Amino acid sequence: MSNNALFYLTSETMPVVSHADGIHIWDTDGKHYIDACSGAITCNIGHNHPAVKNAMVEQLDKIAFSYRTQFESQVALDLAEQLVELTAGELDKVYFVGSGSEAVESAIKLAIQYFVCQGQPERHRFVSLRPSYHGSTLGALGLTGYEPLEAPFRSVTQGSIKVPSPDLYRYQESSVEEHITSLLEQTEQAIQAAGAETIAAIVLEPVGGASTGGRMVTQAYMEGLRTLCDRYGCLFIMDEVLSGMGRTGQWFAYQHFGVAPDILALAKGLGSGYYPIAAMLARGSIVEQVSQGGGFMHGHTYAGNPLACATGQAVIEVMKSEHLLDNCTQRGNELREKLEQLALKHPSIGNIRGIGLLQGVELVQDRNAKKPFPASFNAYAKLTELAKARGLLIYPRRSLDGLAGDHFLVTPPLTVSQTDIDDIIDLLDGSLS
Ligand code: PMP
């Protein structure tokens with residue numbers, strides 16, 4: 001530990017950041033990095049975008065903060081409308097908060113209150129996946145499918161009912177279809193065992209992020225979970241904190257499947273790193289019920305402040321004017337192809353998965369046996385360090401379920417060019433070698 005007053009520094013040798021431009025970052029020693037993970041899969045439109053800076057300054061010149069119980073803010077109303085439009089009206093109410101965890105926390109509370117208002121206070125339990133990540137606040141941590149993170153806080157997290165998540169790489173059944181059927185059966189059994197009348201919602205990350213390194217679900221799985229929610233009268237909550245805001249080539253990952261949630265949590269890419277802004281989107285009928293029952297008992301001081309909302313609006317405008325959803329799809333396909341070529345050369349690449357510019361790579365010791373590296377080898381940390389030394393930033397993890405091994409995410413800003421993709425692959429190639 002250094003003498004530094006900062007609580008969260010993980011290494012004394014961490015470089016000190018200086019400035020950035022687009023997908024490029026420089027430290028105070030003048031070393032250059034390619035940000036191939038958008039920070040924490042956050043800076044979707046790249047660093048230092050002049051349009052966002054201008055919009056923020058313009059808003060600062062008017063007013064940065066006004067409190068939602070004292071004033072309406074046009075910019076908050078406009079941003080909410082824009083978000084509703086992005087869902088094509090499927091989710092028509094928006095609640096602003098400041099972080100992904102707060103968005104998930106809001107979803108939990110809205111779901112519980114919705115049932116309380118209907119005289120069903122016993123519906124306060126949630127079904128979520130193992131592994132999964134939903135945030136660090138206590139409610140969101142309770143949904144998180146990673147035992148060691150939650151265990152010390154179990155007395156206050158109200159841990160959710162965990163069911164296994166789709167693993168299209170290591171499934172045990174004889175086909176993907178059978179795997180998905182089996183998972184849905186297990187989920188239904190878990191709901192019945194807990195008592196269906198106690199379940200408020202099923203919670204899902206439609207594309208895994210940090211928790212699973214980009215693991216995908218299937219159409220049948222999405223439809224199956226929707227059917228279970230409808231059959232047992234509970235809500236479907238999707239956590240698109242990481243997968244939302246164009247990261248997968250659609251505004252929201254659920255749009256690839258045409259299966260909409262009842263409540264959606266959104267964060268990272270909405271502020272794209274410029275200002276902490278996040279949102280919970282919900283079906284109007286849910287919000288109406290809660291409003292009639294006395295109103296949503298929730299709120300954060302900074303929620304929906306004008307500066308945050310101006311930032312979100314500017315980010316959306318940049319995404320539209322620069323056609324970043326299309327760029328995401330095209331560059332994502334190129335990235336995927338090149339990662340697959342890299343796999344021909346590097347046997348440590350066991351599996352590549354994901355969609356758009358949310359690509360995950362799983363590292364293995366033995367590709368044929370799909371055998372992970374031993375935890376003590378710290379493959380993910382080693383690769384990240386080697387890449388960083390070469391000037392490439394990737395987002396690493398060891399699998400949260402203890403079954404799979406090490407993985408990393410390649411999630412550059414959606415502004416990335418074809419040449420940038422080549423540079424990322426070259427640096428990755430060198431690091432893997
Ligand atoms: N949900 C998901 C899917 C996430 O990836 C994250 C952050 N990695 C969170 C929730 C929590 O967001 P935050 O760190 O902004 O609180």
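Residues numbered from 1 in each chain as written. Predicted model: local features only at pLDDT ≥ 70, side-chain atom pairs only at ≥ 80, totals over all residues.

## Observations regarding the overall build of the protein chain
Using the following cut-off: Numbering of helices and strands runs from the N terminus; a helix is a DSSP stretch of H or I covering at least four residues, while a strand is a stretch of E covering at least two. With C-alpha atoms as the basis for the radius of gyration, the globule rule is written as 2.2 Å multiplied by the number of residues raised to the power 0.38. In this scheme every C-beta is placed from the backbone, and a residue whose C-beta has 20 or more other C-beta atoms within 10 Å is buried, one with 12 or fewer is exposed, and one in between is partly exposed. Residues are defined as contacting one another if the C-beta atoms placed from their backbone atoms lie within 7 Å.
Summing up its helical and strand segments, the protein chain has 15 helices and 15 strands in all. By the compact-globule yardstick of 22 Å for 433 residues, the protein chain fits well, its C-alpha radius of gyration being 21 Å. Projecting the C-alpha coordinates of the protein chain onto the three principal axes gives extents of approximately 60 × 60 × 45 Å. For the protein chain, buried positions account for 51% of its 433 residues. Taking as baseline every contact in the protein chain between residues at least 6 positions apart, the subset at least 24 positions apart corresponds to 73%.

## Regarding the site of the ligand
Which entries qualify depends on this criterion: Here, nearness is defined through the C-beta atom: a residue counts as near a molecule or strand if that backbone-placed atom lies within 6 Å of it. The nonpolar class holds Ala, Val, Leu, Ile, Met, Phe, Trp, Tyr, Cys and Pro. Asp, Glu, Lys and Arg form the charged class, and all remaining residues, Gly among them, are polar.
Lining the immediate surroundings of the ligand are 16 residues, of which Ser-99, Gly-100, Ser-101, Gly-135 and Val-241 lie closest. The leading source of residues in the shell around the ligand is helix 4 (residues 100-117), at three residues. A class-by-class count of the residues in the shell around the ligand yields seven nonpolar, seven polar and two charged.

## Focus on the sheet that holds strand 15 (residues 406-410)
As a reminder, the rule being used: We treat two strands as partners when DSSP finds at least two bridges between them. Axis lines are fitted through C-alpha atoms, for helices just across the contact stretch, and the angle between N-to-C directions can take any value from 0 to 180 degrees.
Pairing within the open sheet is antiparallel, and its four strands lie in the order 11-12-15-14. Among the strands making up the open sheet, the edge pair consists of strand 11 (349-355) and strand 14 (395-398). Strand after strand, the sheet turns through a mean of 20° between neighbouring axes, direction not considered. Direction of pairing for strand 11 relative to strand 12 (residues 358-363): antiparallel, over a ladder of six bridges. Of the residues in strand 12, the one forming a bridge with Ile-352 is Val-361.

## Description of the packing of helix 8 (residues 176-194) against helix 9 (residues 219-232)
Angle between the axes and distance between the axes: these two values describe a pair of packed helices. Let me state the cut-off plainly: We call two directions roughly parallel when the angle between them is under 35 degrees, roughly antiparallel when it is over 145, roughly perpendicular when it lies between 65 and 115, and oblique otherwise. Take the far helix as your reference; a near helix turned counterclockwise from it by less than a right angle gives a left-handed crossing, and one turned clockwise gives a right-handed crossing.
Where helix 8 contacts helix 9, the axes come no closer than 10 Å and their chain directions differ by 20°. As far as their axial angle goes, helix 9 and helix 8 are roughly parallel. Of the two elements, helix 8 crosses helix 9, and the hand of that crossing is right-handed. Of the residues in helix 9, those in contact with Glu-177, Ile-180, Leu-183, Leu-184, Thr-187, Glu-188 and Ile-191 of helix 8 are Ala-220, Tyr-221, Gly-224, Leu-228 and Tyr-232. Looking at the contact of helix 8 with helix 9 residue by residue, the class counts come to eight nonpolar, two polar and two charged.

## Considering helix 2 (residues 50-62)
Heads up, the condition is: Each helix should span, by expectation, one fewer than its residue count multiplied by 1.5 Å. Working note: the arc is built from the helix axis to C-beta atom directions.
Under the 1.5 Å per step criterion, the end-to-end length of helix 2 is 19 Å for 13 residues, consistent within 8% with the ideal 18 Å. For helix 2, the complete set of buried residues consists of Val-52, Ala-55 and Gln-59. Down the axis of helix 2, the sector holding all buried residues measures 65°, keeping them to one side. Residues of helix 2 that are exposed and point more than 90 degrees away from the buried face comprise Pro-50, Asn-54, Val-57, Glu-58, Leu-60 and Asp-61.

## Considerations on the environment of Lys-162
Residue placement: Lys-162 occurs in strand 6 (residues 161-164). Excluding its chain neighbours within four sequence positions, the residues that come into contact with Lys-162 are Ser-128, Leu-129, Arg-130 and Gly-145.

## Describing the nonpolar core
Heads up, the condition is: What we call a nonpolar core is a set of buried Ala, Val, Leu, Ile, Met, Phe, Trp, Tyr and Cys residues whose membership is set by joining through C-beta atoms within 7 Å. Where each domain begins and ends is defined by an automated method or by a domain database.
In this structure, Ala-103, Ala-111, Leu-266, Ala-279 and Met-280 are the most contacted members of the largest nonpolar core, which totals 124 residues. When residues are assigned to domains, this core turns out to be shared by domain 1 (17-49 + 323-432) and domain 2 (54-321), each giving three or more. Every residue in contact with Met-280, bar those within four places of it in the chain, is listed here: Tyr-95, Val-97, Ala-103, Ser-106, Ala-107, Leu-110, Ile-263 and Ala-265.

## A short note on helix 4
Taking 1.5 Å per residue as the helical rise, helix 4 with its 18 residues ought to reach 26 Å, and the 26 Å between its terminal C-alpha atoms agrees with that figure. Within helix 4, 15 of the 18 residues are buried, leaving the element largely enclosed by the surrounding structure. Positive backbone phi, approximately 75°, marks Gly-119, located one or two places after helix 4.

## Quick look at the domain arrangement of the protein chain
What the domain assignment lists for the protein chain is domain 1 (17-49 + 323-432) and domain 2 (54-321). The centre of domain 1, based on its C-alpha atoms, is set 25 Å off from the matching centre of domain 2. Contact residues are listed per partner, giving 36 residues for domain 1 and 32 residues for domain 2. For the side of domain 1 that touches domain 2, the secondary structure elements donating two or more residues are helix 1 (38-41), helix 13 (324-345), strand 11, strand 12, strand 14 and strand 15. With five residues, helix 13 is the largest single contributor of residues to the side of domain 1 that touches domain 2.

## Topic: unusual backbone geometry
Note the cis peptide between Arg-130 and Pro-131, where omega equals 0°. Here Pro-131 lies in the loop between strand 5 (125-130) and helix 5 (138-143). Positive phi, normally seen in glycine, also occurs at Ile-41, with a value near 55°. You can see Ile-41 is positioned in helix 1. Of the residues examined, Ile-41 has 22 C-beta atoms within 10 Å and is grouped as buried. One non-glycine residue with positive phi stands out, namely Met-245, at about 60°. Here Met-245 shows up in the loop between strand 8 (235-240) and strand 9 (263-266).

## Points about the confidence of the model for the protein chain
Here is the rule we go by: As a per-residue quantity, pLDDT reports the predictor's confidence and falls between 0 and 100.
Overall, the prediction assigns the protein chain a mean pLDDT of 95, with 97% of residues at 70 or greater. With a pTM of 0.97, the predicted complex shows an ipTM of 0.99.

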